[in-house]
Each structure stands twice: as C-alpha cells, then as structure tokens.
Protein chains: 2
Amino acid sequence: MSNVQASIKQADQHCREHGVRLTDKRKQVLLSLLQSEKAMSAYELVDYYKAEFGESMPPMSVYRILDFLQEEHLVHKLNSTNKYVSCSHITCDHDHEITQFLICGECQSVKEININKSTIEALQNNIEEAGFHLVSPQLEMNCLCENCI
Amino acid sequence: MSNVQASIKQADQHCREHGVRLTDKRKQVLLSLLQSEKAMSAYELVDYYKAEFGESMPPMSVYRILDFLQEEHLVHKLNSTNKYVSCSHITCDHDHEITQFLICGECQSVKEININKSTIEALQNNIEEAGFHLVSPQLEMNCLCENCI
DNA sequence: GAATGATATGATACAACATATCATTTTAAA
DNA sequence: TTTAAAATGATATGTTGTATCATATCATTC
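Here is what the cut-offs are and how they apply
Along each chain, residues carry numbers from 1 onward, in the same order as the chain's sequence is written. Whichever chain is written first is A, and whichever ligand is written first is 1; the rest continue in order. Confidence filtering applies because this is a predicted model: local features only for residues at pLDDT of at least 70, side-chain atom pairs given and counted only at 80 or more, and all residues used for totals across whole chains, interfaces and linings. Only hydrogens and water are set aside when side-chain values are computed; all heavy atoms of the structure are taken into account. Lines fitted to C-alpha atoms define the axes, with helix axes restricted to the stretch in contact, and inter-axis angles between N-to-C directions lie between 0 and 180 degrees. The numbering of helices and of strands both runs from the N terminus, where a helix is a DSSP run of H or I of at least 4 residues and a strand a run of E of at least 2. An angle below 35 degrees is read as roughly parallel, one above 145 as roughly antiparallel, one from 65 to 115 as roughly perpendicular, and any other as oblique. Crossing chirality is assigned from the near helix's rotation relative to the far helix, an anticlockwise turn below a right angle marking it left-handed and a clockwise turn marking it right-handed. Whether two residues are in contact is decided by their heavy atoms: any pair within 4.5 Å suffices. Whether a residue is buried, partly exposed or exposed follows from its accessible area with a 1.4 Å probe, protein chains only, as a fraction of its type maximum: under 20%, in between, or over 50%, in that order. Proximity is defined per residue: any heavy atom of the residue falling within 4 Å of a molecule or strand makes that residue near it. Counting of polar contacts relies on pairs of N or O atoms within 3.5 Å, with two restrictions inside protein: one atom must be capable of donating a hydrogen and the other of accepting it, and residues adjacent in sequence are counted only when both atoms are side-chain atoms. A least-squares superposition brings the copies together, and it is based on the C-alpha atoms of residues with pLDDT no lower than 70 in both.

1. A closer look at the packing of helix α3 (residues 42–53) of chain A against helix α4 (residues 59–71) of chain A
All names here are of chain A.
Item 1. Their axes nearest at 9 Å, the elements α3 and α4 cross at an angle of 110°. By the criterion of interaxial angle, the relationship of α3 to α4 is roughly perpendicular. The handedness of the crossing between α3 and α4 comes out as right-handed. Each of Ala42, Tyr43, Leu45 and Val46 in α3 lies in contact with α4, whose residues at this interface are Pro59, Val62, Tyr63 and Leu66.

2. Comments concerning the environment of A:Ser41
All names here are of chain A.
Item 1. Note on placement: Ser41 falls in the loop between α2 (24–36) and α3.
Item 2. When its relative accessible area of 17% is taken as the criterion, Ser41 is described as buried.
Item 3. Once the C-alpha coordinates of Ser41 and Tyr84 are considered, the two residues, 43 residues apart in sequence, prove to be 6.0 Å apart.
Item 4. If we ignore the near neighbours within four places in the chain, the residues touching Ser41 are Asn82, Lys83 and Tyr84.

3. Some thoughts on the protein's contact with DNA strand D
Item 1. Near DNA strand D you find 19 residues, and of these A:Thr23, A:Ser61, A:Arg64, B:Met60 and B:Lys77 are the closest.
Item 2. Among the atoms of DNA strand D lying within 4 Å of the protein, the sugar-phosphate backbone contributes 53%.
Item 3. At 2.5 Å from a base nitrogen of DNA strand D is found a side-chain nitrogen or oxygen belonging to A:Arg64.
Item 4. For DNA strand D, a phosphate oxygen lies 3.1 Å from a polar atom in the side chain of B:Tyr63.
Item 5. Among the elements of the structure, α2 and α4 of chain A together with α4 (59–71) of chain B are those that each provide at least two residues to the surface near DNA strand D.

4. Digging into the relation of the copies chain A and chain B
Item 1. Taken as rigid bodies, chain A and chain B are interconverted by a rotation of 180° and an axial shift of 0.0 Å, the fit giving an RMSD of 0.1 Å. Such a combination of rotation and displacement between the chain copies is what one expects of a two-fold axis. Of the C-alpha atoms belonging to chain A, the one lying closest to the rotation axis is found on A:Ser80, 2.2 Å away.
Item 2. Taken as a fraction of all interface residues of chain A, those also at the interface in chain B reach 100%, which identifies the copy contact as same-surface.

Encoded structure:
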C-alpha cells in the first residue's frame, strides 16, 4: 500500500475512533494535500480538486473541510503563507507535541520536524524572561529544501 | 524628548545617511506605529491615520510607505498576522542581527527579543539535519503578554 | 526661476484569502 | 419513514494585498 493510501486509511480509522466522519469530500481534500506533497492555499485546492476529480468544490466547502481536518490534526495551517499542508504524522500512533515547519520558499514543500526539547526549553526561557507567555510553539521557518538550494 | 520623538529623530537621521527621504507621510505612518505601541494591519493604519491626522491616506500609499519603512529596517512585517510593527531598535546604534517576535494574541503588543546565539545554532543544526537551509530566521511566536495573561 | 527628470503619492481596479448566512442535501437514528 | 443533525452548496461580502496609470512634489541644471 502506498504511503498516501496508508495515511488515508489511518485517517479514516482515527475519525471513526473520534466519532466523526471522514466523508468522501473530506477524504478527497486530504488526498489532494497528501498527493501534491506541498503546501497549498484553499483556492489552489479548489483548482487541484477540479483537475483531479472533475467536479468543482466551492471555496467555502474547502475552507470548512480544512477546518475539520485541522481539528482532527490531519492538516496544519501555515500562518506565514496562508497555505495548508497534510500532517506528516498521520501514520504515527504517538501524538506529536510540538510542530515546527520548515517551508521551502521555492517549491512549497514542507518538512515537519521535532526540535530538541532542550532547544524549545531554552527558547521558552528567553520568552518568559521577556515577560511573555508562549501560547502555541508552532514555528514556521522560511527555508530552501535540498532540491531548491 | 519622548521615546517616540527620539525614534523619529533617529529614523530621520538614518534616512539622511542612506540618501533616502523620510517624508511627512512616511514620518506620520511611522509615528502611528510608534504611538500605537502595537502591531497594526495596513487598513488599521489607514483608519488610525485618518483619526490622528484628519486626512485620509489611500491603502496603496500605506502599503508603499510600509514597504519603504521595511527596506530601511524601521518597520517589520509580521507574516503570521499580516500586521506591521515599528522596529524596537530604531534608537540603537548597533545593527540587530536576528529578530524574534513575541506577539500577544490578545492586545497585539509585540516584543522584539534576541534569542541566545546558542539556541539559534541548535535550531539551525536541527534544520540542516533535515536537509533544509534556513533563509530567514525571523521567528514569530504566538504569546500572551504580562497584562493579558 | 523655468524646464526637466526623479521620486512620491493618489486613484482605480482587481486578485487572493477568508467568513457570514441561508438553502439544500445527505446521513443517522427514532 | 419521519425527523433531527450533520455536511455541503450558493451567494454575498469582508480583509489583505498588488498592478497600473495619473498626478503632485522635489531637486537639479540651464
């Protein structure tokens, strides 16, 4: 089974367990993000969906489905670029605590990495010293990937 | 002299030295950001400008002026929120290498901090291990400030 | 100080990203 | 099979940002 198919299957399983439904449309949107292997905007997804599945989905539906997928932690939103990317840990059993994104500014490929806990703690200390309190440690870093360097 | 006035004066000086002009409009936009002491969107600046100076400035002009101020490193754009904030180091003589922003999600106040060099290096190592290359190390962290905790 | 070119700003239109709201369809359960 | 809930569609509009052409202001040279 391909990685993509394994992810879909796992996502389906995950939704069942959480008492929510991975409908066909939701599955297709997730599939689009998995297949494209890069971050896409909602409107890019509208186009991709149209090209891939032959029928068009209104932007409103795409946004709603992206919201759903985010709530289920199957998709992440990249705030710095207003794009969406499938979670790379769908097939992992463990929960991943902290998500850091390396975003290729050239090809929009995204790598989700885990920063050392000690590095995060050091960061957090810097923040507390400044009198602020970290709410969400999602870091998005503007990078170039191996292929685009 | 107030902090704000000192910053304006320094900004003016900086522009002279770089052979560019801090015109009245540019000065007023910078002043708006300095006075408000928080991050504002371009359109919020349009409103602020109108309220503060009695005449309206078209959004296009605000964007152009923000571009100018960014080029001169007098203003930063926060990509995660699509807002703009005055640089907190205008009155420093030294160049500040790496800028990290703590953004209060409640009141939009922003603190510009310097992360330990060692922490940044640790981060960078994590990134290189993942096969990516960091282009711009501007980190924007979703926080709460002292007053909003 | 008038002519000229460069820089700055205004005006208008539109593209890209996102949400509000009401209508319709599909699904699950009684 | 009726009914309520969930999901999706349709339409309008809000928000952020850029393209482009017109006008105004400034600086220099004649």
